[in-house]
Amino acid sequence: MTKKPHRNGRGLFLGAMLGAVAGALIGRAAGSALFGAILGAVIGAAVLYRVNPGPWKRD
């Protein structure tokens with residue numbers, strides 16, 4: 001039996017949303033809210049997609 005990687009789509013979506021908001025706020029202070037939001041969404045999605053394991057009940 002092979003183990004599934006600990007990744008899920010909810011982490012991807014949540015990371016993109018939280019990263020975009022945080023990136024927009026930081027980017028606004030730096031001068032470019034749009035660039036900050038895009039960069040924050042990409043980084044946030046990548047981090048939470050890998051880190052968030054999803055539900056505890058696994059087969």
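Going by the structure above, here's the rest.
Residues numbered from 1 in each chain as written. Predicted model: local features only at pLDDT ≥ 70, side-chain atom pairs only at ≥ 80, totals over all residues. Heavy atoms only, no water.

**Observations regarding the overall build of the chain**
In terms of regular secondary structure, the chain is built from two helices and zero strands. Expressed as a percentage of its 59 residues, the buried residues of the chain come to 22%. Partitioning the contacts of the chain with sequence separation of at least 6, the portion at a separation of at least 24 is 67%. By element, 71% of the accessible surface of the chain is carried by carbon and sulfur atoms, the whole surface being about 4,800 Å². (Helix = DSSP H or I, 4+ residues; strand = E, 2+ residues; numbered from the N terminus. Buried < 20%, exposed > 50% of the residue type's maximum accessible area, 1.4 Å probe, protein only. Contact = heavy atoms within 4.5 Å. Areas by Shrake-Rupley, 256 points an atom, 1.4 Å probe, with all protein chains shown as cover.)

**A few points about helix α2 (residues 33-51)**
Helix length check: α2 (19 residues) gives 26 Å between terminal C-alpha atoms against 27 Å at 1.5 Å per residue, within 8%. Along α2, the positions that sit buried rather than exposed are G36, A37, G40, A41, G44 and A45. Buried positions in α2, seen along its axis, are confined to an arc of 150 degrees and lie on one side of it. In α2, the exposed positions angled more than 90 degrees off the buried face are occupied by F35 and V42. If you follow the buried residues of α2, they end up packed against α1 (9-30). (Expected span 1.5 Å × (residues − 1). Arc of directions from axis to C-beta.)

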